[in-house]
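Take a look at the letters that make up each chain.
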Amino acid sequence: MSALSRWILLAAALGAALVLALVLVGALAGPAWTAAAEQYFDPDFLSRARAYNRGRYLLFALGQALTLGLLALGVARGWHRQVAAAIEGMVGPRPLLAVALFTALLLFALRAAGLPVGLARLALDHRYGLSTQPLGLWLSDWLKGLAVEAAVLIPLVTGLFWLVRRWPQGWWLPASGGLALYLVAASSLGPVVVDPLFHRFTPLQDPALAGEVRDLARRAGVPADEVLVMDASRRTRRVNAYFAGVGRTRRIVLYDTLLSAYDRRQVLLVLAHELGHWRLGHIRRGLGLGILGGAAGLWLAQRLLAGAGPRPGDPSQVAVLTLFFLLASLAVLPVQNLVSRAFEREADRFAIALTGDPAGMAALEERLGRDNLGDVDPHPFIRAVLFTHPPVVERMEAALRSP
Ligand SMILES: [Zn+2]
């Protein structure tokens, strides 16, 4: 491996190690909540939520360390070359078929390595009464997820290696174009092709509520004709909602757990927040940032692969590339979440302006934090690395401060 390739991998590994160290310090530090948290939540709740979330953070760190450690060990020991040679011995001089098989094998090995941590996470959620998902359903979700990943990743990686073999110097540029197309297609088709494999979506039944939703959407200036209810209660007691899709597949999805337990005013506040994401173009803006970041990653990956082995586009380089992208995505997670939290604050402000109900928003946040056993006032390192949304206490105080 060339000196430059080593430096690129080392930089990604240092970034990833730093992020994991921050998570560990934040998870193992003593109770960190502030006086503000004690104003809204009792100490019993805070301790219980702290214990649950500490388990989640430690399992996250363990899962990352296991996957990355195994992959790094394999690459350092040259296992990837042995596996590639064995595959080529089987399929003969058909390098792209060897790439496809290598990718399938690596995907399966990494997911299998992560399986115990996934099961531990399920057990944790059951112990704290958050999960309603039977083991059989969890396993069938896991298998379906693996099948979807294989169906998407194997052709993508094989196509990428076709480019690498054809243009060893300039492949990153057409690959960035391909990534842009893929990300747009995935955001637009995911909600209509992939999500229905896991959940059932039905239109909002309650005609009075549907009327109010249309009214709110009109006032938000959004053509929100798609508001769907998801059968989340088959898997979880968590309460949530989200906005997904691009163009004609845009929709707001409400968990059935929200509709069954929250009153109309609270449901409309949740909707107002999601309408904010829609109106402010957060998916579009997120996609733009993802494409820029992906192009930067592919540019670095070209320099990495050029010095990583004797033949550019060798099937064994799938492992080197995977290691690089997994390390790099962990290293940039704090930046990604910084952007995500900014979007969430914008959507909150939009919802408060639209409904004129800051006190209702603060009360909603408090209840969501309680029902979801949230880490309502986390350690600053945990907030910086893992929080896609501002923590509950922060959102409550922002709402109460708003004019
Ligand atoms: Zn949001």
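Residues numbered from 1 in each chain as written. Predicted model: local features only at pLDDT ≥ 70, side-chain atom pairs only at ≥ 80, totals over all residues. Heavy atoms only, no water.

Draft legend 1. Representation of the packing of aromatic side chains in the model. Per the stated rule, a full pass over the model turns up five aromatic pairs. With a centroid separation of 5.2 Å and 25 degrees between ring planes, the pair formed by Phe 41 and Phe 45 is classed as stacked. There is no split in this pair, since Phe 41 and Phe 45 are both buried. Taking the centre distance of 5.1 Å and the plane angle of 65 degrees together, the rings of Phe 324 and Phe 325 count as edge-to-face. The exposure class assigned to Phe 324 is buried, which follows from its relative accessible area of 2%. Across the ring face of Trp 167, the terminal group of Arg 166 is positioned such that the distance to the ring centre comes to 5.0 Å. (Phe/Tyr/Trp six-rings, centres within 6.5 Å; stacked < 30°, edge-to-face > 60°. Buried < 20%, exposed > 50% of the residue type's maximum accessible area, 1.4 Å probe, protein only. Lys NZ or Arg CZ within 6 Å of the ring centre and 35° of its normal.)

Draft legend 2. Examining the packing of helix H8 (residues 207–220) against helix H10 (residues 264–279) more closely. In the contact formed by H8 and H10, the axes pass within 10 Å of each other and the chain directions differ by 35 degrees. Crossing of H8 against H10: the hand is right-handed. Residue-level inspection shows Leu 209, Glu 212, Val 213, Leu 216, Ala 217 and Ala 220 of H8 in contact with H10, the latter providing Arg 264, Val 267, Leu 268, Leu 271, Ala 272, Leu 275 and Arg 279. The class makeup of the residues in the contact of H8 with H10 is ten nonpolar, no polar and three charged. (Axes fitted to C-alpha atoms, helices over the stretch in contact; angles between N-to-C directions. Helix = DSSP H or I, 4+ residues; strand = E, 2+ residues; numbered from the N terminus. Left-handed = near helix turned anticlockwise from the far one by under 90°. Contact = heavy atoms within 4.5 Å. Nonpolar A, V, L, I, M, F, W, Y, C, P; charged D, E, K, R; others polar.)

Draft legend 3. Expanded view of the pairing of strand E4 (residues 251–255). Of all five residues making up E4, five are buried, and the element is well covered by its neighbours. On E4, burial covers both faces: Arg 251, Val 253 and Tyr 255 on one face and Ile 252 and Leu 254 on the other are all buried. As defined by bridge partners, strand E2 (residues 227–230) adjoins E4 across four bridges and the pair is classed as parallel. Each bridged residue has a counterpart across the sheet, and for Val 229 the counterpart in E4 is Leu 254. The pairing of strand E3 (residues 241–244) with E4 spans four bridges and is antiparallel. When the bridges of E4 are listed, Phe 243 appears paired with Ile 252. Where E3 folds back onto E4 in an antiparallel hairpin, the turn is made up of six residues, including Gly 245, whose phi is positive at roughly 95 degrees. (Pairing = 2+ DSSP bridges.)

Draft legend 4. Expanded view of the sheet that holds E4. Taken together, four strands build an open sheet; the order of strands is E1-E2-E4-E3 and the sheet is mixed. Of all strands in the sheet, those bounded by a partner on one side alone are strand E1 (201–203) and E3. Taking the axes of each pair of neighbouring strands and ignoring which way they run, one obtains an average angle of 30 degrees across the sheet.

Draft legend 5. Spotlight on the nonpolar core. Counting residues in each nonpolar core, the largest one holds 53 residues, and the members touching the most others are Phe 41, Leu 204, Ile 252, Leu 254, Leu 271 and Leu 275. No other element matches H10, which puts eight residues into this core. If we skip the residues at most four places from it in the chain, Leu 204 touches Leu 209, Ala 210, Val 213, Val 227, Val 229, Leu 254 and Leu 259. Counting residues in each nonpolar core, the second largest holds 47 residues, with Ala 27, Leu 71, Val 99 and Trp 171 among its members. (Core = buried A, V, L, I, M, F, W, Y, C linked by side-chain atoms within 4.5 Å.)

Draft legend 6. Looking closely at helix H11 (residues 282–306). Between the first and last C-alpha of H11 there are 36 Å, a value that for 25 residues agrees with the 36 Å anticipated at 1.5 Å per step. Every buried residue of H11 is accounted for by His 282, Leu 287, Gly 294, Ala 295, Gly 297, Leu 298, Ala 301, Gln 302, Leu 304 and Leu 305. Next to the buried residues of H11 lie helix H1 (3–28), helix H6 (135–166), helix H7 (172–198), H10, helix H12 (317–331) and helix H13 (333–355). (Expected span 1.5 Å × (residues − 1).)

Draft legend 7. Structural view of unusual backbone geometry. Phi is positive for Leu 373, which is not a glycine, with a value near 50 degrees. Structurally, the position occupied by Leu 373 is in the loop between helix H14 (358–371) and helix H15 (380–386).

Draft legend 8. Up close: the pattern of salt bridges. Inspection of every chain in the model, using the stated rule, returns 16 salt bridges. Across the pair Arg 285 and Glu 346 runs a salt bridge, and its minimum N-O distance is 3.3 Å. Note that Arg 285 is positioned in helix H11 and Glu 346 in helix H13, a separation of 61 residues in sequence. Judged by its relative accessible area of 37%, Arg 285 falls in the partly exposed class. Here Arg 370 and Glu 366 are joined by a salt bridge, their closest N and O atoms 3.0 Å apart. Here Arg 370 pairs with Glu 366, and both are found in helix H14, just four residues apart, close to one helical turn. (Salt bridge = Lys/Arg side-chain N within 4 Å of Asp/Glu carboxyl O.)

Draft legend 9. Region of interest: the environment of Leu 333. By secondary structure assignment, the location of Leu 333 is in helix H13. For Leu 333, a relative accessible area of 17% gives the class buried. Distance in space between the C-alpha atoms of Leu 333 and Ala 35 is 29 Å, their sequence separation being 298 residues. Residue contacts for Leu 333: discarding those within four places in its chain leaves Phe 60, Val 385 and Leu 386.

From the geometry alone we can't say anything about function, so treat these as descriptive.
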